[in-house]
Amino acid sequence: MYKYKPKQIEQELLRRWRECNVYSTQNLNAGDKKYYSLYSFPYPSGSGLHVGHAEGMVANDIMARYYRMKGYKVLFPMGWDAFGLPAENYAIKTGTPPQQSTENAIKNFIYQIDRLGISVDWSKEIGTHRPDYYKWTQWIFLELFKKGKAYKKKAPVNWCIGCKTVLANEQVIDGKCERCDSEVVQKEMEQWFFRITDYADRLDSDLEKLDWPRGTKQQQKNWIGKSYGTRIKFNIVEINDVIPDQVIPQTNNSLLLKNIHSNGNDNLLSKSTKDGLKISVRETSETDLKEKEIVGCLEIFTTRIDTIFGATFCVVAPEHEILEALKNKIQNWDEVKRYISESTNKTSLERQTQKEKTGIEIKGLRALNPFSGDLIPIYVADYVLINYGTGAIMAVPAHDERDYEFAKRHQIPIRKVIQNDDKNEGEKDDELFTGYGRLINSREFSGLDSKTAIEKMQNWVIDKNLGRKETMFKIRDWLVSRQRYWGAPIPIIYSPKAEKEGYGYVPKDKLNVLFLHGFGSSGRKGWRIDFEKEMTKLGHKVYLPDLPNPLAPSFVEWENFIIENYLKAFDQNEKVVVVGHSLGGLLAFKLAEKFKLAKIIALAPATPKMDETVDDHLYTSESLNALKDFFNATKDLNVASISKNVDELIIINSKDDYVIKQKSQEFWKKLFKDIAMFVDFENMGHFNNQDLPNGFPELYAYINIKNNSPYPGIFPVNERDLPVLLPVDVNFKPTGESPIKLSKTFNQGVKCPIFGTDAFRESDTMDTFVDSSWYFLRYTDVSNQFAAFSMPKLLPRYNSPRNNEIWETAKEVAALLKDLNYAFFGPLAVSIINGGPYKQLSEIDVVASSHHLKSVIDSLIKNNYELITTEQKDSGYTKLRKNNVELTLRSISLEVTQELKFIEKYYDGVMLKVSTIEDLIEYCKEKNDNEALEMLESTYNQTNLWSPADIYMIGAEHTVLHLLYSRFLTKFLYDCGYINFSEPFTKMRHMGLILGSDRRKMSKRWNNVINPIDEIEKYSADTIRMYEMFMGPYEEAKPWNDRTENGVFRFLNRVAELSDKVSEDYESITQKQRVNELVKKITTDIESLSYNTAVAKFMEFSNFLQEEESISRDVWEKFLKLMAPFAPFLTDHLWNLLGNDNSIHLEKWPDYDGSISSVRDIKIVVQINGKVRGTLTLKNEASESELIELVKQNESISKYIKGEIKKSIYVKEKILSIVC
RNA sequence: GCCGAAGUGGUGGAAUGGUAGACACUGCGGACUUAAAAUCCGUUGCUCGAUGGAGCGUGAGGGUUCGAGUCCCUCCUUCGGUACCA
């Protein structure tokens, strides 16, 4: 008899699956059926995998295996959310660098995940702590910063007095530091934020589209907290004299109101009123009208403007600016000040837990209720929060619980203005009613219901210019700074010099950028195309005009051309930046005499002096004459008007300029010494296209750098300098400082990007939530070196040939290869082999697969190319030369990249570097090769093709933050045009918590932790897989039960033993039908994630087979296939036992056969007056009346029929219901 | 307080408005064994009844329906989230 021996078969199968690459991911093409099974990547903790991980992973694994068998291309990756506090704490404790402990933990995780039989493709592994990942986390930070979605501001942090360091919330225990037990205080520090609030509305409304658990969606909605209300101004007046009576009688002060509203100046109240406006008011309704100066105004936000007549006081948060602004007028300022410092010193936790509503009145000031006209007291109290709404409220004690509580405590009058119409008769009116109702005591608004009143009152407010409707959100911007070591460094540079001078980066500045080329050149050419791309990405509009007659330029012609077509045509409100190169630089200065410009960047500008700019022999006489005139027309520069018209002037030169001489550079330095900033480079030549083959990133920066920046001294790290590596020369012994700050290497060589002076890096790292908010994109293209993920929009830049001769030769070689029927392009492979897109080339690279290389060389020699070196063993290069151009030929391994596979397949494996990927696409179009085109485009589009994830399994503890942040970044990247989907996870499910057998949460403390590997050792991997799926509904919490687990193990044993009964030629209709039904059930169960019932059905089926004499092979095979996603080891083994040598996991999923009908007899339940009284068993279908006849004949049923049959209902093949 | 999810045997749980308790665990009885473990067979919602069978049963109460665990209303309990959000 066959015995199930899991230990033997599992090891063997793991080895075989690895060898045969059973689970490798295929590249996706447009139109392919795909399935992206996403598991929330774990934190690789030292304690390894726990049963909760196993539950989610197995669930994902079943999906992945099922869809693979269904013929889908499946992406099932795994990675590590590796940054974070535990590894850092471990480092502090033991001195082990986090890099090391993390990688060790990862090795253990991989081992454990493999043992579970999870079919992940490890070639897609990522770790957020690895530079090739966090490089792109940093890139995303920069994108956010450049687009104005990342900013810096002061925010309170937990500061430990003892350690002199910032603590995470989790490190603060009862207001004390977890490490040294000393006091933790709130300290204001500059912190980086992401502007997630800009996306609040979309994050809220797009929830509708998602197939997520309802509760999770609701929680996100609550977190975002959208509410509609009114923002309205209350003017503040000073009351110097007697402090008026606290009690404000029900006012009927229409005179007062008239006074305010009919003074012929509707704007009176809306003005910011520091300019001594006066109004007549009464301090109480008994006192006489008095002239009062409006000393300020308080903006409040309310959702219940219908209650405004009941507003008997206002409250401002302790941090509210008005307190400081009007402190001279506050009579009890000392008292107020004391209260402010008391409450701002409280931690947010303390403020939350305190029950009593403290606060004090601000004496000497009153707010004017714009509706009632009452002068009402203003309080400062910390139950009002500075960071919601306006930080100030109108308090309506009669209709708001908190205001009621406060009013009671401080003896403030309560005025009822809403009548509860819904209350039952005889019920007494409560003093507090927070619902909607009918307005009373609200003058002309009395009698309206709340909803109508809100609308009318809002209109009144808008009409009087006192405020506006407003939608408010609870959600706050995302604080991403962490003063910790083990995270991705924030890629920002601080320059003290620039800060002093006021220079800094300006994000999100929308500009018209006008480029003026120089003599003999044209606009859209060379690096300017890159320039245009980069600027457009930042939201600028770029103009690259071709100036008329570049070889014989006329100043008047050029000037008019630009003025008429551009400067006059621009929207007057838009800022204009002119970048002038060489002669275009000179033109720019002349234009500035007449036009307002935000900025001129002059690149090696020509001077209006013939001898300083021009080497005679290089020009034709026609050109020389034109230039002579040009310089004549420009020689008198009006420095004063230029200085007046241009906000900023930047002149950029290079020491090795071969056109503009040093003397001429000095000319400008003298002329503009007080108004321009001068930047000198060493190796930029004349900034011509051949001088800057890699583009001119510095220029991109200068466009967005300016004086009076909101971020003086702050600069983004240049993209090509990413990643900013975490330093390793650090000491983890607790010193109170972040280890990064004490690194000697971290700031080495960091220079100010404009002044070149010493600068230093941001030492904060990013919140680990940033790492995990985009990892699902990286999975789709893990090895992309050019971009964070596949972005057709951001294809890598390629080098263009450096000079004309090379270009011409390249074309010749290309033509030659074309003749040989080879393709003549292929920049990608070359770039990769050469180590990235920024390498400069001085030669032509031809890349070919080795068996093509020989014929290429032969053919080149035939065409007069001279052989310099033959293939060298170490390098694999062959060099040839013609004229002055050197050709480097090399053979390559075709596995380098997908691009190479493409070339190999379609173009016989020969490539010549020419230009850009766009050329390649153009070429495919030219050749009408749609298949190639598709493949090429899909290669650059894996992210869009795979995304969004088809299923996302994640613990229920991540209902808000991670999911919200991921959605935010996805939307941001979508808005940038980098991806074509705006939601990352269309379908998401939570795995339910697995509790200990004592129904408590698993914890070392309760000694109830189950380790999956122990269970695998005890039973088998298939057992723990199936057991975890069988425990109960996937999404619900359920306790562990060893007994049930053992039952699953026994089931697997029985299945194994059943294999003895399989018979090649045995046929059974019943078995055929039963397995056919099973196919249907399992298929629907998997798709609806009802894994527990699927397992039950397997058991049922196995019980059925147990009864059978013999099992037909076909039935058995189907059964194994159906169970393969659940028990991959046993099924694959039994599959092989049948003589199949391939893996069952590569088999096709069985189809349900609708033509096999159920043989089983039709069973009809008979109900009489709603009670089940029996069943009828039929061989064939019968009509309702026939059935009733049968019932009448059946004594045991018909005895319940008392009297006439009044009515009968027949549900086909199910039930017959008789009413009598 | 507010928001969400859920209440079914001794236990985990199953049930497109159509025979409530599938599947499994436990318990009980039995087989095998010197014995135990393992395995196998029978039985297992409650009450009454010798049996056939009858009645009652899905947190409580009410409603819709021929028929309700499922739909509607009111209430209770448990769990999860959140908390001065004006």
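In this text the structure is predicted, and so the values were computed from the model without any measurement.

Thresholds, definitions, all that
- Residues numbered from 1 in each chain as written.
- Chains lettered and ligands numbered in written order.
- Predicted model: local features only at pLDDT ≥ 70, side-chain atom pairs only at ≥ 80, totals over all residues.
- Heavy atoms only, no water.
- UniProt positions renumbered as here; feature names shortened; annotations may be inferred.
- Helix = DSSP H or I, 4+ residues; strand = E, 2+ residues; numbered from the N terminus.
- Buried < 20%, exposed > 50% of the residue type's maximum accessible area, 1.4 Å probe, protein only.
- pLDDT = per-residue confidence, 0-100.
- Contact = heavy atoms within 4.5 Å.
- Salt bridge = Lys/Arg side-chain N within 4 Å of Asp/Glu carboxyl O.
- Near = heavy atom within 4 Å.
- Polar contact = N/O pair within 3.5 Å; in protein donor to acceptor, adjacent residues only side chain to side chain.
- Nonpolar A, V, L, I, M, F, W, Y, C, P; charged D, E, K, R; others polar.
- Phe/Tyr/Trp six-rings, centres within 6.5 Å; stacked < 30°, edge-to-face > 60°.
- Lys NZ or Arg CZ within 6 Å of the ring centre and 35° of its normal.

**Regarding the UniProt feature "binding site: ATP" (unreviewed entry) in chain A**
In this structure's numbering, the residues bearing the UniProt feature "binding site: ATP" (unreviewed entry) are Lys1004. Within the secondary structure, Lys1004 sits in the loop between strand S41 (994-995) and helix H33 (1012-1018). Overall, the relative accessible area of 74% leaves Lys1004 in the exposed class.

**Overview of the confidence of the model for chain A**
Mean pLDDT over chain A stands at 83; residues scoring 70 or higher make up 83%. The model gives residues 242-276 a pLDDT under 50, and that stretch makes 71 contacts with residues more than four places away or in other chains.

**Some thoughts on the pattern of salt bridges**
A pair can form between side chains of opposite charge whenever their charged atoms are brought close. Applying the stated criterion to the full structure yields 49 salt bridges. Between Asp206 and Lys971 there is a salt bridge, and its shortest N-O distance comes to 2.4 Å. Of this pair, Asp206 sits in the loop between helix H6 (200-205) and helix H7 (214-224) while Lys971 is found in helix H32 (residues 961-975), placing the two residues 765 residues apart along the sequence. Ionic contacts of the salt-bridge type, sharing partners, join the residues Asp206, Lys209, Arg967, Lys971 and Glu983 into one network.

**Section: the protein's contact with RNA strand B**
What surrounds RNA strand B is a group of 54 residues, the closest being Lys357, Arg402, Arg1050, Tyr1200 and Lys1214. Among all atoms of RNA strand B positioned within 4 Å of the protein, those belonging to sugar or phosphate total 64%. Between a phosphate oxygen of RNA strand B and a side-chain N or O atom of Arg214, the distance comes to 2.9 Å. Lys474 is positioned such that a nitrogen or oxygen atom in its side chain is 3.3 Å from a sugar or linking oxygen of RNA strand B. Top contributing element to the surface near RNA strand B by residue count: helix H37 (residues 1091-1107), with six residues. Here the residues of the surface near RNA strand B sort into 19 nonpolar, 18 polar and 17 charged.

**Some words on the packing of aromatic side chains**
Within this structure, the stated rule accounts for 69 aromatic pairs. With a centroid separation of 3.6 Å and 0 degrees between ring planes, the pair formed by Phe41 and Tyr775 is classed as stacked. Of this pair, Phe41 sits in the loop between strand S1 (34-39) and helix H2 (51-69) while Tyr775 sits in helix H24 (residues 775-778), placing them 734 residues apart in sequence. Note on accessibility: Phe41 and Tyr775 belong to one class, buried. Here the aromatic rings of Phe555 and Phe630 are separated by 5.6 Å at their centres, their planes lie at 85 degrees, and the arrangement is edge-to-face. Here Phe555 is found in helix H16 (residues 555-567), whereas its partner Phe630 is found in helix H19 (residues 621-634), with 75 residues between them in sequence. Taking the relative accessible area as the measure of exposure, Phe630 reaches 1% and is therefore buried. Grouping aromatic residues by their ring pairs yields a cluster made of Phe141, Phe145, Trp192, Phe194, Tyr199, Trp478, Tyr505, Tyr711, Phe769, Tyr965 and Phe968. Sitting above the plane of the Phe746 ring, Arg761 keeps its charged end 5.9 Å from the centroid.

**As for the environment of Glu1181**
Take Glu1181: it is sitting in the loop between strand S46 (1171-1178) and helix H40 (1184-1193). The class for Glu1181 is exposed, based on a relative accessible area of 51%. Measuring from C-alpha to C-alpha, the distance between Glu1181 and Lys1212 comes to 8.8 Å, with 31 residues separating the pair along the chain. Each residue touching Glu1181, except ones within four places of it in the same chain, is listed here: Ile1162, Lys1212 and Glu1213.

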